[in-house]
Amino acid sequence: MTGIIDRKKARRVIAWGIYMLAALLVQNMLISRIPILGVRAMFLPAVCVAAAMLEGGTGGAVFGLVMGLFADMAFPENTVLFTVLFPVIGFFAGFAADFFLNRKFWPYMLMSLAAMLLTALAQMVLPLLSSGSAATLFKTAALQTLWGLPLAAAFYPWARSIAVKHGGVAGRKEIS
């Protein structure tokens, strides 16, 4: 009965699952307990970007969906924000890497910055509607993103090694 389970794909899924679990544990058990200037870092969108840029749009969307489900379970103030936002981030980051960007560190950091800012702005919507203190919310969003950038940089080499070890990193697709 060969061919029922593709061992190479199963190992790749397990490797990405461990990567996701480690990111969630670092975010929820460590980073969420260390406020800097009263603001906690949020780097999970960058983790989605890394997986998406290295696995493509579809893989990024699936990774983002699963990560979003677990992130929403871990953050009691959110109901479905991350479950909706992370697959969108994953798909568009993967699409951009497939057709427009290379899969190097600096494009990853730029996409991560955009994803973390988008996530911070999405987190601001309900508090902004209820309280109206925009300056404080924008400051918090900016600091949350700024504090997340070093963690995003730290998680990229691990993601890149997973992609290289378990299937290689594809180049940009050429439109013919």
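Residues numbered from 1 in each chain as written. Predicted model: local features only at pLDDT ≥ 70, side-chain atom pairs only at ≥ 80, totals over all residues. Heavy atoms only, no water.

Turning next to the packing of helix 1 (residues 7–30) against helix 2 (residues 44–55). At a closest axis distance of 10 Å, the pairing of helix 1 and helix 2 adopts a crossing angle of 165 degrees. Classified by the angle their axes make, helix 1 and helix 2 are roughly antiparallel. Where helix 1 crosses over helix 2, the two elements pack in a sense that is right-handed. Here Arg12, Trp16, Tyr19, Ala23, Leu24 and Gln27 of helix 1 come into contact with helix 2, specifically with Leu44, Val47, Ala50, Ala51, Leu54 and Glu55. For the contact of helix 1 with helix 2, the class distribution of residues is nine nonpolar, one polar and two charged. (Axes fitted to C-alpha atoms, helices over the stretch in contact; angles between N-to-C directions. Helix = DSSP H or I, 4+ residues; strand = E, 2+ residues; numbered from the N terminus. Parallel < 35°, antiparallel > 145°, perpendicular 65-115°, else oblique. Left-handed = near helix turned anticlockwise from the far one by under 90°. Contact = heavy atoms within 4.5 Å. Nonpolar A, V, L, I, M, F, W, Y, C, P; charged D, E, K, R; others polar.)

Here we come to the packing of aromatic side chains. Considering all chains together, one arrives at 17 aromatic pairs under this definition. Their ring planes at 85 degrees and their centres at 5.4 Å tell us that tryptophan 16 and tyrosine 19 sit as a pair that is edge-to-face. You can see tryptophan 16 and its partner tyrosine 19 sitting in helix 1, three residues apart, about one turn around the helix. With a centroid separation of 6.1 Å and an interplanar angle of 35 degrees, the aromatic rings of phenylalanine 155 and tryptophan 158 are classed as tilted. Here phenylalanine 155 pairs with tryptophan 158, and both are found in helix 6 (residues 134–165), just three residues apart, close to one helical turn. The exposure class of tryptophan 158 is partly exposed, given its relative accessible area of 34%. Pairwise contacts between aromatic rings join Trp16, Tyr19, Phe43, Phe63, Phe155 and Trp158 into one cluster. (Phe/Tyr/Trp six-rings, centres within 6.5 Å; stacked < 30°, edge-to-face > 60°. Buried < 20%, exposed > 50% of the residue type's maximum accessible area, 1.4 Å probe, protein only.)

Before going further, it helps to examine the pattern of salt bridges. In total, this model carries two salt bridges according to the counting rule given. Linking arginine 12 and glutamate 55 is a salt bridge whose minimum nitrogen-to-oxygen distance equals 3.6 Å. Highlighted residues: arginine 12 in helix 1 and glutamate 55 in helix 2, separated in sequence by 43 residues. A residue is classified by how much of its surface remains accessible, and arginine 12, at 28% relative accessible area, is partly exposed. Its relative accessible area of 25% is what places glutamate 55 among the partly exposed residues. Between arginine 103 and aspartate 98 there is a salt bridge, with its nearest N and O atoms 2.5 Å apart. Across this residue pair, the class does not change: arginine 103 and aspartate 98 are buried. (Salt bridge = Lys/Arg side-chain N within 4 Å of Asp/Glu carboxyl O.)

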